[in-house]
Amino acid sequence: MNCGPGGKPELHERLPNTRETESRSRSERSVAGDFSGKDRNHHRRDTARMAARILLPVLLVLCLGAVATGLYERVCGTDPDFTTGKATTTTTGETAQQLLSDAQPRKQDNEIPQQIPPDPSKRAARWLIMMRNAAYGWADTPNAILALQLANDTWFNKQDLSSQLSVKQMQIELLSKIARRGFHLKDVPTGELSHYVLALTATCQNPRNFYGHNLLEAIDRALFHFPTAEFNNFYQFSQGVLAICGAGAPVKPRLIKDLAKGQQADGGYPFGVDATAMSILALSCAEKQRIHKHDKDEIKRVFGKAVNYLRIQQRPDGSFGNQHNTGLAVQAMIAANLEPATWRCPDALTTLTRTQHQDGSFGQFFQTTVQVLPALAGKTYADVNRIMCEMAPIMDEDEESFLMTEYDLYDPEEEPNHYVSNMTVQYTIHSDFHPNVSASIEITVPSNTSFIDIMDLAAERDERFRYEAPDTKWGHYVSAIGEVTEDHNEKRYWTIMLDPDISIDEGIDHFIPDDGDHVIFRYRKYD
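In this text, all values refer to a predicted model and were calculated from it rather than measured experimentally.

A. Focus on the overall build of the protein. In terms of helices and strands, the protein carries 16 helices and 12 strands. Going through the 527 residues of the protein one by one, you find that 50% of them count as buried. By sequence separation, contacts in the protein at least 24 residues apart represent 67% of the contacts at least 6 residues apart. Carbon and sulfur atoms make up 50% of the accessible area of the protein, which amounts to about 26000 Å² in all.

See the structure below:
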């Protein structure tokens, strides 16, 4: 090894150099002590260059390790060990190198990085802001605003004119959609309306009084009529429940029952990961409300089955399918508040960050980045109702506490006649063996309402009509009304009838009475 003055090794001789001949000759002159001023300058430049080649990658590894630490602590609550999948207290050089390869194209060994890539969530947010159009909106304005506000709850603030203009553009877009449909909220797709409500709530707007429109009532009305030809999957249904809950309005027991009814035997919902993840987000929000213990137990049961289903869907690489699926599934797992190791949180994040494009985006579609961004920030759509709003430029002073108020949601009895035709049904319960068990009530509901919804309304108004109906493969089966339960030994059962003498062959899920019908549940004996 050649040494310079004082016996110190020459840095440039320990690494490959493209100017090998010139470097060797300068090194030989250094050993002989033949140092002219020009040679000294060459030596200093070469030494600085070689030191940079050594130190910058080291600094890059350290900084990427810090980025990794922040990301995994934020989402998983700990640092990962990539070799075992277990939590550790330090970030290895391998971890940082892995994140480096994920964050930007691989460089040649002798190429010095120009900059240290930032946090993946910040890169995604930066890309999202760059995609804003001239009107300060996006291809999907409400979801873009929701993602940015979840990732940084101070994004919307009075010092940032651009964020205020984006929120104003969102309002203009929604008003335009309502106007194009003749100012009838019922004609705005429920899933789309739910996106707007979540984004409005996240930015401190009042969805109960959006320029005179009660958006929450419109969603609740749609949920009441679920399913319809246009609104028939549980992804959209769960979005609606989440929008109502996120705005601080009570989630009605019938919505929980509908989520329980739609759940498949394996705990999932039709359309798989996405629909199941959205149901978990909705249920995690509803569970935090003040609700009856029976309803809370139902939520926990449905919630647990959905979470188990989602965990089974996780792949060996930590993903839950494509990037879009994985982004929403990670949100659901965060909302479920599970131990990170039980669902391999570090693996899921590693897979996501590995697929991030150099510009900060994910996947091939705008919506994918929008869905992944909150997950990378350790937030979920269920966090909307916990965002602290520091400003609300269009909110009146008397609306500042709207998140804490009870909303007047959809009441079928108050449905205006010009919206949809109503029907009035008389509902009676009667026992042949209990003289005191006899009651009748009139219920007014929109036409085409199934009888199970009528029974729910009756039970809410009069405890004598509370019922139990286990869900079977043939639908809900009424086993008890009030204090009277079926008796197999005595062959006594509850039977649904139309007027006193006409039996009904359909179950309560599918039976739709007509206006003026008299429906009777009779407790009788079968011979």
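Now that the structure has been shown, the text picks up again.
B. Region of interest: the sheet that holds strand β3 (residues 422–431). Strand order in the open sheet formed by five strands is β4-β3-β12-β10-β11, and the pairing between neighbours is mixed. In this open sheet, the two edge strands, each paired with only one partner strand, are β4 (438–446) and β11 (502–503). Inspection of the sheet shows strand β10 (residues 492–498) paired to strand β12 (residues 518–525) by seven bridges, in the antiparallel sense. If you follow Y493 over to β12, its bridge partner there is R524. Across the sheet, helix α16 (residues 451–461) touches β3, β4, β10 and β12, and the angle it forms with β4 is around 120°.

C. Just the state of the cysteines, in detail. This structure, assessed with the given rule, holds two disulfides. Linked covalently through their sulfurs, C76 and C345 form a disulfide whose S-S length is 1.8 Å. Linking C76 and C345, the disulfide has an S-S dihedral of approximately -80° and is accordingly described as left-handed. Within this pair, whereas C76 is found in helix α2 (residues 37–76), its partner C345 is found in helix α14 (residues 345–354), the two being separated by 269 residues in sequence. With a relative accessible area of 0%, C345 lands in the buried category. Residue pairing for C245: its cysteine sulfur links by disulfide to C285, the two sulfurs lying 2.0 Å apart. Sign of the S-S torsion, about -95° for the bond between C245 and C285, identifies this disulfide as left-handed.

D. Examining the environment of T353 more closely. When you line up the elements, T353 lands in helix α14. Along the sequence, T353 and D119 sit 234 residues apart, while their C-alpha atoms lie 9.8 Å from each other.

E. Focus on the pairing of β12. Where β3 and β12 come together, six bridges link them in parallel fashion. The residue bridging H430 from the neighbouring strand is R522, located in β12.

F. Focus on a nonpolar patch on the surface. A surface patch of nonpolar side chains, about 260 Å² in accessible area, is lined by Y136, L161 and L165. Position of L165 among the secondary structure elements: in helix α6 (residues 161–180). Among the residues examined, L165 registers a relative accessible area of 33% and is labelled partly exposed.

G. Structural detail: the nonpolar core. Counting residues in hydrophobic clusters, the biggest one holds 93 residues, and the most contacted among them are L128, F237, L242 and L310. Examining the composition of this core, we find that 10 residues originate from one element, helix α11 (residues 273–286), more than from any other. In this structure, L128 is in contact with W138, A144, A147, L148, F366, V370 and L373, ignoring residues within four places of it in sequence. Core analysis: the second largest hydrophobic core is formed by 30 residues, Y427, V445, V519 and Y523 among them.

H. Quick look at unusual backbone geometry. Each neighbour pair has its own omega, and for F226 with P227 the value is 0°, a cis peptide bond. On the secondary structure map, P227 appears in the loop between α8 (215–225) and α9 (234–246). With phi around 60°, K491 is a residue other than glycine that occupies positive phi space. Along the chain, K491 falls in the loop between β9 (484–485) and β10.

I. Molecular detail of the sheet that holds strand β5 (residues 467–468). Ordered in space as β5-β8-β9, the three strands form an open sheet in which the pairing is antiparallel. The open sheet terminates on both sides in strands that have one partner only, identified here as β5 and β9. As judged from the two bridges shared by β5 and strand β8 (residues 480–481), these two strands associate in the antiparallel manner. Across the sheet, the residue bridging to Y467 is I481, located in β8.

What counts as what
In this convention, every chain numbers its residues from 1, walking through the sequence in written order. Per-residue local features of the predicted model are confined to residues with pLDDT of at least 70, and side-chain atom pairs are confined, for both listing and counting, to 80 or more; whole-chain, interface and lining totals are unaffected and use all residues. Calculation of side-chain values draws on the structure's entire complement of heavy atoms; hydrogens and water are dropped beforehand. In this text, helices come from DSSP runs of H or I with a minimum length of four residues, and strands from runs of E with a minimum of two, each type numbered from the N-terminal end. Residue exposure (1.4 Å probe, protein chains only): buried if accessible area is under 20% of the type maximum, exposed if over 50%, otherwise partly exposed. We call two residues in contact when some of their heavy atoms are within 4.5 Å. Each accessible area value is a Shrake-Rupley result obtained with a 1.4 Å probe; residue values ignore everything except the protein chains displayed when judging cover. Being paired, for any two strands, means DSSP has found at least two bridges between them. Here an axis means a line fitted to C-alpha atoms, over the contact stretch when the element is a helix, while the angle between two N-to-C directions is reported on a 0 to 180 degree scale. Defined by distance alone, a disulfide is two cysteine sulfur atoms within 2.5 Å. The patches described consist of residues with a relative accessible area above 30% and no salt bridge, like charges being joined within 9 Å and nonpolar side chains (Val, Leu, Ile, Met, Phe, Trp, Tyr) within 5 Å. Salt bridges are identified by distance alone: a Lys or Arg side-chain nitrogen within 4 Å of an Asp or Glu carboxyl oxygen. In these notes, a set of buried Ala, Val, Leu, Ile, Met, Phe, Trp, Tyr and Cys residues joined through side-chain atoms within 4.5 Å is what counts as a nonpolar core.

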